[in-house]
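Close look at the chain arrangement
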Amino acid sequence: FNFQNNTLNIGLCGLAYQAKILTGQHKKVWNSNNQKDNIWNLCGEIISFNSLKNPVSGSDLYWLQLDIGSFELEVLVNQKTLQGKDLQIGGIVAADVWLQGHILHDAKTSYRYE
């Protein structure tokens, strides 16, 4: 790594331990839960989503790409724990997530790895 640069490229994803599809208008938020390390409360608009299966556990998941205001964040949610109805682009999701991330090497920033 070259730590002399002014920027650092990272890959960041949230693993939701609870999430709910909301109705009506809601403000996009991104707040730290000061009670616990690496726990964040967020509310954002669904830009994209897809169903997938965890190859290890067999759990059915949703991959959500959310616009949370200042940036976009990918979030994984267990389909059984997602509350609410009508998962759709433009919908609003509120979630509590654990953040997971890693520093991207220069070669990885030129393509997406999802």
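Our subject in this report is the structure included herewith. Please read all numbers here as calculations on a predicted model, not as lab measurements. (Residues numbered from 1 in each chain as written. Predicted model: local features only at pLDDT ≥ 70, side-chain atom pairs only at ≥ 80, totals over all residues. Heavy atoms only, no water.)

Turning next to the environment of Trp63. Relative to the helices and strands, Trp63 is located in strand E4 (residues 60–67). Trp63 sits in the buried class, given a relative accessible area of 17%. Counting along the chain gives 14 residues from Trp63 to Val77, while the straight-line C-alpha distance between them is 6.6 Å. With residues up to four places along the chain from it excluded, the contact list for Trp63 reads Ser48, Phe49, Asn50, Leu52, Glu74, Val75 and Leu76. At 3.0 Å, the side chain of Trp63 and the side chain of Glu74 are in polar contact. (Helix = DSSP H or I, 4+ residues; strand = E, 2+ residues; numbered from the N terminus. Buried < 20%, exposed > 50% of the residue type's maximum accessible area, 1.4 Å probe, protein only. Contact = heavy atoms within 4.5 Å. Polar contact = N/O pair within 3.5 Å; in protein donor to acceptor, adjacent residues only side chain to side chain.)

Time to look at the side chain of Asp67. With respect to the helices and strands, the residue Asp67 is situated in strand E4. For Asp67, the side chain forms a polar contact with the main-chain nitrogen of Gly69, separated by 2.9 Å.

With that settled, the discussion passes to the pattern of salt bridges. All chains considered together, the criterion is met by three salt bridges. For the salt bridge of Lys28 with Asp67, the shortest nitrogen-to-oxygen distance reads 2.8 Å. In this pair, Lys28 sits in the loop between strand E1 (10–22) and strand E2 (29–32) while Asp67 sits in strand E4, placing the two residues 39 residues apart along the sequence. For Lys53, the salt bridge goes to Asp60, with nearest N and O atoms at 2.9 Å. Given the relative accessible area of 51%, Lys53 is considered exposed. Classification of Asp60 as partly exposed rests on a relative accessible area of 37%. A single salt-bridge network, built from bridges that share partners, covers Lys28, Glu45 and Asp67. (Salt bridge = Lys/Arg side-chain N within 4 Å of Asp/Glu carboxyl O.)

With that out of the way, let us pick up the packing of aromatic side chains. Per the stated rule, a full pass over the model turns up three aromatic pairs. Pairing Tyr17 with Trp98 gives two aromatic rings, centres 4.7 Å apart and planes at 40°, and the pair type is tilted. Of this pair, Tyr17 sits in strand E1 while Trp98 is found in strand E7 (residues 92–103), placing the two residues 81 residues apart along the sequence. Taking the relative accessible area as the measure of exposure, Tyr17 reaches 29% and is therefore partly exposed. For the pair Trp30 and Phe71, a centre-to-centre distance of 5.1 Å together with 85° between the ring planes defines the contact as edge-to-face. Here the residue Trp30 occupies a position in strand E2, and Phe71 occupies one in the loop between E4 and strand E5 (72–78), the gap between them amounting to 41 residues. (Phe/Tyr/Trp six-rings, centres within 6.5 Å; stacked < 30°, edge-to-face > 60°.)

Our next topic: the pairing of strand E3 (residues 39–53). Two faces, one strand: in a regular strand the side chains alternate between the faces of the sheet. Both E2 and E3 contribute to a ladder of four bridges, which runs antiparallel. Across the sheet, Val29 pairs through a bridge with Cys43, a residue of E3. As judged from the eight bridges shared by E3 and E4, these two strands associate in the antiparallel manner. From the neighbouring strand, Leu52 faces E4, where its bridge partner is Leu61. Hairpin connection of E3 to E4: six residues between the antiparallel strands, including Gly58 at a positive phi of 80°. (Pairing = 2+ DSSP bridges.)

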